[in-house]
Amino acid sequence: MRVTLSVVAKTLFNADVDEEADEIGASLTELIHIFPLLLAPYGEHLLRLPFPRMRRFRAALDRLDRTIFSIIEERRKSGRDEGDLLSMLLLAQDEEEGGGMSDRQVRDEAMTLFLAGHETTANALSWTWYALSQNPDVEREMHEELDRVLAGRMPTPADYPRLPFTEMVLAESMRMFPPAWWMGRLAMEDVQLGGWTVPKGAVVIVAPGVTQMDERWWPEPQRFDPRRFTAEGKASRPRMAYFPFGAGTRICIGESFAWMEGVLMLATLAQRWRVEITETPRPQASITLRPRGMRGKTWRRVSTRPRTG
Ligand code: HEM
């Protein structure tokens, strides 16, 4: 979480939040715990009640707001166009009515990106370490690719397309442990779907966490096998058998970012370190799928190739 938080803050907002990382992480955990309440009838009103849980929720929200508003304020003060996403939000003008966004609108956009842009990637990487530790043959094959392609040097974005097996490992990890394991759609009108009528106003949940374990497309679904994601493997399945980033007009806006970040992060760490899991994670399924209680030891790895620099 620390590393993906610092990546998203730096790349999208050119901000350093390392010192606040623990508090931000704790606030996020609080929000995630209480989120199911928001889905209940009158959920938003429940949050106003004077219970300790609700107070903690509001405090967590305030904590996140402080970080986001201070990033926005600093940038407004400097007035500089840093060419990053934050500057784009601040400089955006309404095409019809002119005028920029209010602080509140910028805050909402920034908060979405800030949260959506790091927790999911952190979960994906954590589950991947778990999967690698349970599948030494896969781990060996990935190390072999890293040693061959990188020969001990730090990966750069140019290496991303040269690490196909590492990408397959991440893909298979997100098949078995999709960080966003469900998503919802609201029917705007009556819809006929596979012989069913979905009435207007109904919420339809689609869940990668279910579809991606379906034996029709994923034989032996409990087996961790990155080779399912070779070009032939992919061509053999319907497109929607795998959708960790959603689909359609609301597909994850950060998908390409997440693939590149995930593969390069995995490559950077795995070429030097191995993780031995000492406490098996329990899936904690809330908004996202977290590996709860996972603990491990890290071991320094010796590359099979000599270092070149
Ligand atoms: C492994 C990492 C990630 C996963 C699994 C993931 C997954 C998802 C999913 C399933 C959705 C909902 C799509 C839908 O409803 O159909 C979504 C939306 C979104 N994601 Fe991601 N995401 C990841 C990383 C990122 C990153 C790195 C960013 C930003 C840089 C990001 C920003 C967003 C935003 C802004 C939305 C809302 C898009 C909209 O409603 O139009 N995500 N993501």
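Scroll up to find the structure.
Keep in mind it's a predicted model, so treat the numbers as computed, not measured.

Trainee: Can you help me understand the overall build of the protein chain in this one?
Mentor: For the protein chain, the count of helices and strands is 12 helices and eight strands. Against the compact-globule benchmark of 19 Å for 309 residues, the protein chain has a radius of gyration of 21 Å, which places it among compact chains. Across its three principal directions, the C-alpha atoms of the protein chain cover 55 × 55 × 45 Å. Here the contacts in the protein chain between residues at least 6 apart in sequence split such that 66% fall between residues at least 24 apart. Total accessible area computed for the protein chain in this model is approximately 17,900 Å², and 56% of it derives from carbon and sulfur atoms. With 41 positive and 43 negative side-chain charges, the protein chain shows a separation of 5 Å between the mean positions of the two kinds.

Trainee: Help me understand the site of the ligand, please; the structure alone is not making it clear to me.
Mentor: Residues in close proximity to the ligand total 22 residues, the closest being Thr120, Arg185, Phe245, Arg250 and Cys252. Contacts to the ligand include Arg185, whose side-chain N or O atom sits 2.6 Å from an oxygen atom. Here Arg250 contributes a side-chain N or O atom positioned 2.9 Å from an oxygen atom of the ligand. Contributions of two or more residues to the shell around the ligand are made by helix H6 (103-116), helix H7 (119-134), strand E1 (183-186) and helix H12 (255-270). The biggest single contributor to the shell around the ligand is H6, with three residues.

Trainee: Before we go on, may I ask you to explain a negative patch on the surface in this structure?
Mentor: Among the surface-exposed residues, Asp94, Glu95, Glu96 and Glu97 lie close enough to one another that they form a single negatively charged patch. Following the sequence through the fold, Glu95 ends up in the loop between helix H5 (85-91) and H6. Judged by relative accessible area, which is 83%, Glu95 ranks as exposed.

Trainee: Explanation requested: a nonpolar patch on the surface in the structure shown.
Mentor: Taken together, Leu186, Met188, Val203 and Ile205 make up a surface patch of nonpolar side chains, about 430 Å² in accessible area. Turning to its location among the elements, Leu186 is positioned in strand E1. Taking the relative accessible area as the measure of exposure, Leu186 reaches 52% and is therefore exposed.

Trainee: Would you take a moment to explain the packing of helix H2 (residues 21-39) against helix H4 (residues 52-78) for this structure?
Mentor: When two helices pack together, their arrangement is given by the angle between their axes and by how far apart the axes lie. The N-to-C vectors of H2 and H4 enclose an angle of 135°; their axes lie 9 Å apart at closest approach. Classed by the angle they form, the pair H2 and H4 counts as oblique. Classified by chirality, the crossing of H4 by H2 is left-handed. Packed against H2, whose contacting residues are Glu23, Ile24, Ser27, Glu30, Leu31, His33, Ile34 and Leu37, the element H4 presents Arg53, Met54, Arg56, Phe57, Ala60, Leu61, Arg63, Leu64, Arg66 and Thr67 at the interface. Along the lines of polarity and charge, the residues of the contact of H2 with H4 split into nine nonpolar, three polar and six charged.

Trainee: Whenever I open this one, the pattern of salt bridges confuses me. Can you help?
Mentor: Pairing between side chains of opposite charge can happen when their charged atoms approach one another. Counting across every chain of the model gives 25 salt bridges. Note that Glu30 and Arg56 form a salt bridge whose closest N and O atoms lie 3.4 Å from each other. Within this pair, whereas Glu30 is found in helix H2, its partner Arg56 is found in helix H4, the two being separated by 26 residues in sequence. Taking the relative accessible area as the measure of exposure, Arg56 reaches 42% and is therefore partly exposed. Of the charged contacts, one joins Glu172 and Arg228 as a salt bridge, the two residues approaching to 2.9 Å between their closest N and O atoms. You can see Glu172 sitting in helix H9 (residues 164-176) and its partner Arg228 sitting in the loop between helix H10 (208-211) and helix H11 (231-235), a full 56 residues away along the chain.

Trainee: Would you take a moment to explain the coordination of the iron atom of the ligand for this structure?
Mentor: For a metal with four donors in a tetrahedral arrangement, the ideal angle between donors is 109.5 degrees, while six donors in an octahedron ideally sit at 90 or 180 degrees. On the protein, Cys252 (SG) is the one donor atom to the iron atom of the ligand, at 2.3 Å. Summarising the element assignment, Cys252 is placed in the loop between H11 and H12.

Trainee: Quick question: what am I supposed to make of the nonpolar core here?
Mentor: Generally speaking, nonpolar side chains in soluble globular proteins are found buried as a group. By size, the foremost hydrophobic cluster in this structure holds 39 residues, and its most contacted members are Met142, Val169 and Trp259. The set of elements that each furnish at least two residues to this core consists of H7, helix H8 (136-150), H9, H12 and strand E5 (273-279). For this core, the element with the highest residue contribution is H12, accounting for eight residues. What Met142 contacts, discounting residues up to four positions off in sequence, is Leu132, Phe165, Thr166, Val169, Leu266 and Ala270. Of all hydrophobic cores here, the second largest spans 26 residues; its members include Ile24, Ala60, Leu64 and Leu90.

Trainee: Teacher, can you tell me more about the packing of aromatic side chains here?
Mentor: The geometry of an aromatic ring pair comes down to the distance between the two centres and the angle between the two planes. Here the structure, examined in full by the defined rule, presents eight aromatic pairs. Look at Phe13 and Phe114: their rings are 6.2 Å apart centre to centre, the planes differ by 50°, and that puts the pair in the tilted class. With a gap of 101 residues between them, Phe13 in helix H1 (residues 2-13) and Phe114 in helix H6 connect regions that are remote in the sequence. Considered together, Phe13 and Phe114 belong to a single accessibility category, that of buried residues. One aromatic cluster is present, built from ring pairs that chain together Trp127, Tyr130 and Phe177. Over the ring of Phe229 we find Arg237; its NZ or CZ atom is 5.2 Å from the centre of that ring. If you follow Arg300 out to its NZ or CZ, it ends over the ring of Trp273, 5.2 Å from the centre.

Calculation notes
Residues numbered from 1 in each chain as written. Predicted model: local features only at pLDDT ≥ 70, side-chain atom pairs only at ≥ 80, totals over all residues. Heavy atoms only, no water. Helix = DSSP H or I, 4+ residues; strand = E, 2+ residues; numbered from the N terminus. Rg over C-alpha atoms; globule rule 2.2 N^0.38 Å. Contact = heavy atoms within 4.5 Å. Areas by Shrake-Rupley, 256 points an atom, 1.4 Å probe, with all protein chains shown as cover. Lys, Arg positive; Asp, Glu negative; His and termini not counted. Charge placed at Lys NZ, Arg CZ, Asp CG, Glu CD. Near = heavy atom within 4 Å. Polar contact = N/O pair within 3.5 Å; in protein donor to acceptor, adjacent residues only side chain to side chain. Patch = residues over 30% accessible without salt bridge, like charges linked within 9 Å, V, L, I, M, F, W, Y side chains within 5 Å. Salt bridge = Lys/Arg side-chain N within 4 Å of Asp/Glu carboxyl O. Buried < 20%, exposed > 50% of the residue type's maximum accessible area, 1.4 Å probe, protein only. Axes fitted to C-alpha atoms, helices over the stretch in contact; angles between N-to-C directions. Parallel < 35°, antiparallel > 145°, perpendicular 65-115°, else oblique. Left-handed = near helix turned anticlockwise from the far one by under 90°. Nonpolar A, V, L, I, M, F, W, Y, C, P; charged D, E, K, R; others polar. Donors = N, O, S within 2.8 Å, 3.2 Å for Na, K, Ca; no water. Core = buried A, V, L, I, M, F, W, Y, C linked by side-chain atoms within 4.5 Å. Phe/Tyr/Trp six-rings, centres within 6.5 Å; stacked < 30°, edge-to-face > 60°. Lys NZ or Arg CZ within 6 Å of the ring centre and 35° of its normal.

No statement about biological role is implied by the geometric values presented.
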